[in-house]
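Chain residues, written in single-letter form:
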Amino acid sequence: MKFKHMIFVLTITTSIIFACMLGSSYAYYTLTEGTTVTATTGDFDANVSVVFSESEYINLKTGVPISSTDVDKYASTSKFTLVPDATKLQGYDVAVKIAITNITIDSSLKISDFKYDLKCNDGSSTTTLKTGTGADFTSTELEIGTLSTQDSTFSISKTYNCALRLWLEETGSDQNTLMNKSFSGLIKVSSVYRK
């Protein structure tokens, strides 16, 4: 009888420990996989949702250089959507800052041949927020665009579909040393509002 009782207790204990491990793993995943949203001034605006099509992480290995006419077709693209809550933001000035953080870039890519741009479409028009080159990546964080109600680049009643594109552009010169180089980072969206 004691042996069966001990097996029963061990089975229940193991099940409880396993359930706790699953719960804590899920909590860690939920906390670490969410979008990092911070406020730099004013009040935190939890009313602008950020939805990533794939991931907010950028991991790029450069391949064959792309001609400027083929950028739309072949550039590495990270897509995300900004969805403001118009009912809660009515009457406020809102600013949304988009940046790349945790940047790791091969030193060979810190030149004008490595390019990027950020474009956002509000359903009726596309705005290029920033274009730049590898020479811009001088630290581990780079602001790549701001949308604001003050300069009429952001409307609380519209949804914004944004795309960050990165590519190695063909120049006609020998670019073999630039291939198979790496770039990585994290797209970070910060939003603030004020009366």
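Structure report, in brief. (Residues numbered from 1 in each chain as written. Predicted model: local features only at pLDDT ≥ 70, side-chain atom pairs only at ≥ 80, totals over all residues. Heavy atoms only, no water.)

With that out of the way, let us pick up the nonpolar core. When a protein is soluble and globular, its nonpolar side chains tend to lie buried together. Among the nonpolar cores identified, the biggest contains 34 residues, and Phe80, Leu82, Val96, Ile98, Phe137, Leu164 and Phe183 are the most heavily contacted of them. At the level of elements, strand E2 (48-52), strand E3 (57-61), strand E4 (76-84), strand E5 (93-105), strand E6 (114-121), strand E8 (142-148), strand E9 (160-168) and strand E10 (182-194) are the ones that each hand at least two residues to this core. Counting residues per element, this core draws most heavily on E5, at 6 residues. In contact with Ile98, other than residues within four places in its own chain, are Phe80, Leu82, Leu118, Leu129, Glu143, Ile144, Gly145, Ile187, Lys188 and Val189. (Core = buried A, V, L, I, M, F, W, Y, C linked by side-chain atoms within 4.5 Å. Buried < 20%, exposed > 50% of the residue type's maximum accessible area, 1.4 Å probe, protein only. Helix = DSSP H or I, 4+ residues; strand = E, 2+ residues; numbered from the N terminus. Contact = heavy atoms within 4.5 Å.)

The grouping of Phe3, Met6, Ile7 and Leu10 at the surface amounts to a nonpolar patch, some 420 Å² of accessible area in total. Residue placement: Met6 occurs in helix H1 (residues 2-33). (Patch = residues over 30% accessible without salt bridge, like charges linked within 9 Å, V, L, I, M, F, W, Y side chains within 5 Å. Areas by Shrake-Rupley, 256 points an atom, 1.4 Å probe, with all protein chains shown as cover. Salt bridge = Lys/Arg side-chain N within 4 Å of Asp/Glu carboxyl O.)

To continue, consider the packing of aromatic side chains. Applying the stated rule across the entire model yields 5 aromatic pairs. Measuring from centroid to centroid gives 5.6 Å for Phe114 and Phe183, while their planes differ by 50 degrees, and the two rings are tilted. Taken together, the positions of Phe114 in strand E6 and Phe183 in strand E10 put the pair 69 residues apart, joining distant regions of the chain. Measuring from ring centre to ring centre gives 5.1 Å for Phe154 and Tyr160, while their planes differ by 20 degrees; the resulting arrangement is stacked. By the ring-pair criterion, three or more aromatic residues cluster together here, those being Phe114, Tyr116, Phe137 and Phe183. (Phe/Tyr/Trp six-rings, centres within 6.5 Å; stacked < 30°, edge-to-face > 60°.)

On inspection of all chains with the given rule, the structure shows 4 salt bridges. For Arg194, the salt bridge identified is with Asp93, shortest N-O distance 4.0 Å. With Arg194 in strand E10 and Asp93 in strand E5, this residue pair connects regions lying 101 residues apart in the sequence. Its relative accessible area of 47% is what places Arg194 among the partly exposed residues.

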